[in-house]
Each structure stands twice: as C-alpha cells, then as structure tokens.
Protein chains: 2
Amino acid sequence: MPLSPNPEHMRRAIALATENILAGKGGPFAAVIVRDGEIIAEGANSVTTTNDPTAHGEVNAIRNACRTLGTFSLAGCEIYTSCEPCPMCLAAIYWARLEACYFGSNQQDAASAGFDDAFLYEEFRKSRDARMIPSAQLLQNEANQTFAAWQTLPAKVDY
Amino acid sequence: MPLSPNPEHMRRAIALATENILAGKGGPFAAVIVRDGEIIAEGANSVTTTNDPTAHGEVNAIRNACRTLGTFSLAGCEIYTSCEPCPMCLAAIYWARLEACYFGSNQQDAASAGFDDAFLYEEFRKSRDARMIPSAQLLQNEANQTFAAWQTLPAKVDY
C-alpha cells in the first residue's frame, strides 16, 4: 500500500516539540499517533522533567495512545514524529505494531543539534561482546525454568 | 574493569519473572537494578495488564530505579535481567547509562519459548528503506526549526 502522509499531522508533532522546549518540559522531540486520519494521542519528550530516560516523544505518544484505546496494540495506526526515531523508539514502534512511521528531521539533523543517535545504531550492528556496555550471561538453566513454566501455564495472554 | 556479577541478584530477577506469570501480570521477564551491591529497584513485564507495549521488565525496572533515585541517569548501576534484552530494552539501557548488563536466558532460549526478538535485531541491520515498517521523511525544514530554537534556548537541561 502506498504511503499517504498528511503534512498537517507532522506540523502538529513539530509544534508540540517546539512548545515542549519553550515550556521547559524536555528535549526538542514530539510525536502524534493517527488512526483513520485523526490524531488519537500525542507525546513529547519528558526525560529530564519526569526523570525517565525512556520518556522520548514516541514512547510517550505510544503509551498515551494505548491508554486511550485500552489496548497494547496500535495495529491500524501510524506515527508522525518530529525526528527520526532512535533505536529504542523504533523498537517500541514495532512492539506497538504501528503500520507506518513519518519523521521530520533525520538522524543527521539531530546530530547537528547535539543529539547523536548514530552511535547507538552502530552498537546494534556489533556483536554482543563488542558493544560498549559489557554484558555476560549467568544462570541460564535457572532462567530457562521461567520459560518452561510459561509454556505449561494454562491461562496466559499471548502477545 | 572485570565484571563481577552476583548470582543472587540474577536469582531475584528470575524469581520475579516466575512470580509475574503465576500472578497473571505479564510475560516471563523481569529485571533488577543494582547499585553498590544492593538491589535498588525491580521490574517485571506488564505489557498485557497495563496495556503498555513498552512495559518490558527492563524498562519497568529502569523507570522504577529512576523514580527511586530521582534522576534520569543510572550511571554507577548495573542491570540483571532474566532474559537477554530486546532492542528496545538494550537502547533504554544505553540511555539510562547503565554500566553492565547481566542476562539469564539468551535470545535463542526466548525464541524457543515463542518470543522471537531476533527479527527485530535483523531489522536494525537493514537500511531504513528496507525495513518491514515503511517510513518516509516530510517537512524536514519545518522540523529543523525546532532544533534551531533548542540551540538558542537560554536555559535548558542537556542530557
């Protein structure tokens, strides 16, 4: 299906991002979620004022949209974000089952403004052991017991 | 600095994950945040019961730790997660400035239990235009005005 974005929804995301910094609420990023041509939820970056490093514009918009709809799936919806998503937000867009992503500024624009997500995209291209944050596996067998219990659980909500 | 994980912290994360599914609160995943050898916050997956697709164990633990400490940076802390982080959680770990990540089950174990994050790691290796969720840029110049405003803002909290 060809994409058919509505520039007015992007204008709203951009306006929210600008309002956000002028109000001192967080970084210069915001997003809106659209279903059937209508904005159903909005979100702006609030990392520094809510003390939540995951509170990027897209994540906040996704959480607000899910609260509005009462569901953990945003299938049938699209996101308009004032800037190309970082890896956290891109993955959140997948988990939320959004069907298209429109962005205003791109990664290079963000880097010019001092927000360099490119290093994080680079980290994902590396093997686990080559990444900057060290990691190690432990108690694998004990951990897998949780999965074994999950698989035999009589009532569970798959997702 | 060599990693020196404490298996008891991983046991706690695993126990939380198992408790989580038995209580019907979400998927089989949980994590704890440790500072100076002590657990300062915990989190378990609550995607299906809080209708929040971002509410993975690691993200919930990070949010709880930041709330506890009153900061958006978890520098000096480590995370123990019952299962290797998905891309969203891995990126959140970077944004939170966690300094090490210990995991119990790995991606392959998770896939065997029906949780296949490998496709998402594959998406990150692709160029933007080759990914499953279509994306497009629009209103780049208008969007960049927000960054221009940010850069001239007299009082702002960098992060």
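Quick look at the structure, then. Because the structure is a prediction, the values reported are computed rather than measured. (Residues numbered from 1 in each chain as written. Chains lettered and ligands numbered in written order. Predicted model: local features only at pLDDT ≥ 70, side-chain atom pairs only at ≥ 80, totals over all residues. Heavy atoms only, no water.)

Considerations on the packing of helix H4 (residues 87-95) of chain A against helix H6 (residues 118-125) of chain B
In a pair of packed helices, the angle between the axes and the distance between the axes together describe the arrangement.
Moving on, step 1. As a packed pair, H4(A) and H6(B) sit with axes 11 Å apart at the nearest point and diverge in direction by 130 degrees. Judged by the inter-axis angle, H4(A) sits oblique to H6(B). The handedness of the crossing between H4(A) and H6(B) comes out as right-handed. Across the interface between the two elements, A:Pro87, A:Leu90, A:Ala91, A:Tyr94 and A:Trp95 of H4(A) pack against B:Phe119, B:Leu120, B:Glu123 and B:Phe124 of H6(B). (Axes fitted to C-alpha atoms, helices over the stretch in contact; angles between N-to-C directions. Helix = DSSP H or I, 4+ residues; strand = E, 2+ residues; numbered from the N terminus. Parallel < 35°, antiparallel > 145°, perpendicular 65-115°, else oblique. Left-handed = near helix turned anticlockwise from the far one by under 90°. Contact = heavy atoms within 4.5 Å.)

So, the interface of chain B and chain A
Moving on, step 1. Contact with chain B, which involves 85 residues of that partner, is made by 85 residues of chain A.
Moving on, step 2. For the pair chain B and chain A, the summed buried surface comes to about 7800 Å²; carbon and sulfur atoms form 69% of the total.
Moving on, step 3. Of all residues in chain B, B:Tyr94, B:Trp95 and B:Phe124 bury the most surface against chain A, accounting for 11% of the area lost on that side.
Moving on, step 4. For the pair chain B and chain A, the number of links is six salt bridges.
Moving on, step 5. Salt-bridge contacts for A:Glu84 lead to B:Arg128; the nearest nitrogen and oxygen are separated by 2.7 Å.
Moving on, step 6. At the boundary of chain B and chain A, one finds 31 residue pairs in polar contact (both at pLDDT 80 or more).
Moving on, step 7. For the side of chain B that touches chain A, the element with the most residues is helix H7 (residues 140-151) of chain B, which contributes nine residues.
Moving on, step 8. Sheet topology note: the strand E5 (residues 135-137) of chain A/strand E4 (residues 101-105) of chain B ladder contains three bridges and is parallel. Residue pairing for E4(B): A:Gln137 is matched across the bridge by B:Phe103. (Buried area = accessible area lost by both parts, 1.4 Å probe. Salt bridge = Lys/Arg side-chain N within 4 Å of Asp/Glu carboxyl O. Polar contact = N/O pair within 3.5 Å; in protein donor to acceptor, adjacent residues only side chain to side chain. Pairing = 2+ DSSP bridges.)

Considering the pairing of strand E2 (residues 38-44) of chain A
Residue and element names in this part refer to chain A.
Moving on, step 1. With six bridges joining them, strand E1 (residues 30-35) and E2 adopt antiparallel strand pairing. Of the residues in E2, the one forming a bridge with Ile-33 is Ala-41.
Moving on, step 2. The loop that links E1 with its antiparallel partner E2 comprises two residues; one of these, Asp-36, has a positive phi angle of about 50 degrees.

Focus: H4(A)
Residue and element names in this part refer to chain A.
Moving on, step 1. Most of H4 is tucked away: nine of the nine residues are buried.
Moving on, step 2. For H4, the full list of buried residues reads Pro-87, Met-88, Cys-89, Leu-90, Ala-91, Ala-92, Ile-93, Tyr-94 and Trp-95.
Moving on, step 3. With its phi angle positive at about 65 degrees, Arg-97 sits one or two positions after the end of H4. (Buried < 20%, exposed > 50% of the residue type's maximum accessible area, 1.4 Å probe, protein only.)

What to know about the side chain of B:Glu58
Residue and element names in this part refer to chain B.
Moving on, step 1. Along the chain, Glu-58 falls in helix H3 (residues 57-69).
Moving on, step 2. Within the structure, the side chain of Glu-58 is placed 3.1 Å from the side chain of Thr-81, a separation counted as a polar contact.
Moving on, step 3. Apart from the residues within four sequence positions on either side, Glu-58 is in contact with Ala-31, Ile-79, Thr-81, Cys-83, Glu-84, Pro-85 and Cys-89.

Re the nonpolar core
Moving on, step 1. Counting residues in hydrophobic clusters, the biggest one holds 54 residues, and the most contacted among them are A:Ile33 and B:Ile33.
Moving on, step 2. Sequence-distant contacts of B:Ile33, defined by excluding residues within four places in its chain, comprise B:Glu38, B:Ile39, B:Ile40, B:Ala41, B:Ala61, B:Ile62, B:Ala65, B:Leu74, B:Cys77, B:Glu78, B:Ile79 and B:Leu98. (Core = buried A, V, L, I, M, F, W, Y, C linked by side-chain atoms within 4.5 Å.)

Here's the deal with the sheet that holds E2(A)
Moving on, step 1. Here five strands make up an open sheet; going across it, the order is E2(A)-E1(A)-E3(A)-E4(A)-E5(B) and the pairing mixed. Strands with a single pairing partner mark the edges of an open sheet, and in this sheet they are E2 of chain A together with strand E5 (135-137) of chain B. Sheet twist, expressed as the mean angle between neighbouring strand axes with direction ignored, is 20 degrees.
Moving on, step 2. With four bridges joining them, strand E3 (residues 77-83) of chain A and strand E4 (residues 101-105) of chain A adopt parallel strand pairing. Along E4(A), the bridge assignment pairs A:Tyr80 with A:Tyr102.
Moving on, step 3. Contacts from helix H3 (residues 57-69) of chain A reach E1, E2 and E3 of chain A, with the element oriented near 135 degrees to E2(A).
Moving on, step 4. Strands E3 and E4 of chain A together with E5 of chain B of the sheet are contacted by H7(B), whose axis makes an angle of about 60 degrees with E4(A).

Focus: the pattern of salt bridges
Moving on, step 1. This model, assessed by the stated rule, comprises 17 salt bridges over all chains.
Moving on, step 2. Where A:Glu123 meets A:Lys126, a salt bridge forms, and the shortest distance between an N and an O atom there is 2.5 Å.
Moving on, step 3. Note that B:Arg11 is salt-bridged to B:Glu8, the shortest N-O span being 2.7 Å. Residue B:Arg11 and its partner B:Glu8 are located together in helix H1 (residues 7-22), separated by three residues, close to a single helical turn.
Moving on, step 4. What makes B:Arg11 partly exposed here is its relative accessible area of 33%.
Moving on, step 5. Bridged by salt links that share partners, the residues A:Asp52, A:Arg63, B:Asp52 and B:Arg63 form one connected network.

What to know about the relation of the copies chain B and chain A
Moving on, step 1. Laying chain B over chain A is done by rotating through 180 degrees and shifting 0.0 Å along the axis; what remains is an RMSD of 0.0 Å. Taken together, the rotation angle and the small translation identify this as a two-fold axis. Rotation axis and chain B: the residue whose C-alpha lies nearest the axis is B:Met88, separated from it by 2.1 Å.
Moving on, step 2. Most of the interface of chain B is mirrored in chain A, where 100% of its interface residues are also at the interface. (Least-squares fit on C-alpha atoms with pLDDT ≥ 70 in both.)

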